[in-house]
Amino acid sequence: MDERTAERREPASVAELATMRAWTVTVVRKRWTTAERTVEAHGRRWVVGLTPTAGGATALMLWHDDVVVAHRRGPEAALCRLAVRWVTNLLAGRPWDG
């Protein structure tokens, strides 16, 4: 499966994001600690990142030029899908939250 096909799917977990070549997932002691994707599009650089939080939630962040411009907390599956939507929008030249 190529990367574009993989990203059209709705990922249900960070493990599924890890199968997408452009995502970097860091694992420590058999648990993921970060998942990141850098997007350079239309003359801008963005980083989309996920990390687990205390209590079992997941945090999703979006950086532009080292400034956090968005932050969400919630279930891992929902935030993985949202992260891919943000990436898709940025690559298409649309507002990340569009």
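Let me sum up the structure you'll find in this document. Remember, it's a predicted structure, so these values are computed and weren't measured experimentally.

A closer look at the sheet that holds strand S1 (residues 24–28)
Next, step 1: One open sheet holds the 5 strands; their spatial order is S1-S2-S3-S4-S5, and the pairing between them is antiparallel. In this open sheet, the two strands that pair with only one neighbour each are S1 and strand S5 (67–74). The mean angle between the axes of side-by-side strands here comes to 15 degrees, regardless of whether they run parallel or antiparallel.
Next, step 2: As paired elements, strand S3 (residues 44–52) and strand S4 (residues 58–64) share 7 bridges and run antiparallel to each other. Note on S4: the bridge partner recorded for Gly49 is Met61.

Details of the nonpolar core
Next, step 1: Counting residues in hydrophobic clusters, the biggest one holds 22 residues, and the most contacted among them are Trp23, Val48, Leu50 and Leu62.
Next, step 2: Listed by contribution, the elements that provide at least two residues to this core are helix H2 (14–17), strand S2 (31–41), S3, S4 and helix H3 (76–91).
Next, step 3: Looking at this core element by element, the count peaks at 7 residues for H3.

Procedures and definitions
- Along each chain, the written sequence defines residue order, and numbers are assigned to residues from 1.
- Totals for whole chains, interfaces and linings use every residue, but because this is a predicted model, local features are given only for residues with pLDDT of at least 70 and side-chain atom pairs only at 80 or more, for both listing and counting.
- Only heavy atoms go into the side-chain values, all of them from the structure, while hydrogens and water stay out.
- Note: two strands are recorded as paired if DSSP finds a minimum of 2 bridges between them.
- What counts as a helix is a DSSP run of H or I of at least four residues, what counts as a strand is a run of E of at least two, and both are numbered from the N terminus.
- Only the stretch in contact is used when a helix axis is fitted, and all axes are lines through C-alpha atoms; the angle between N-to-C directions ranges over 0 to 180 degrees.
- Throughout, nonpolar core names a set of buried Ala, Val, Leu, Ile, Met, Phe, Trp, Tyr and Cys residues whose side chains join them through atoms within 4.5 Å.
- Accessible area is worked out with a 1.4 Å probe on protein chains only. A residue is then buried under 20% of its type maximum, exposed over 50%, and partly exposed in between.

Structural measurements only, silent on function.
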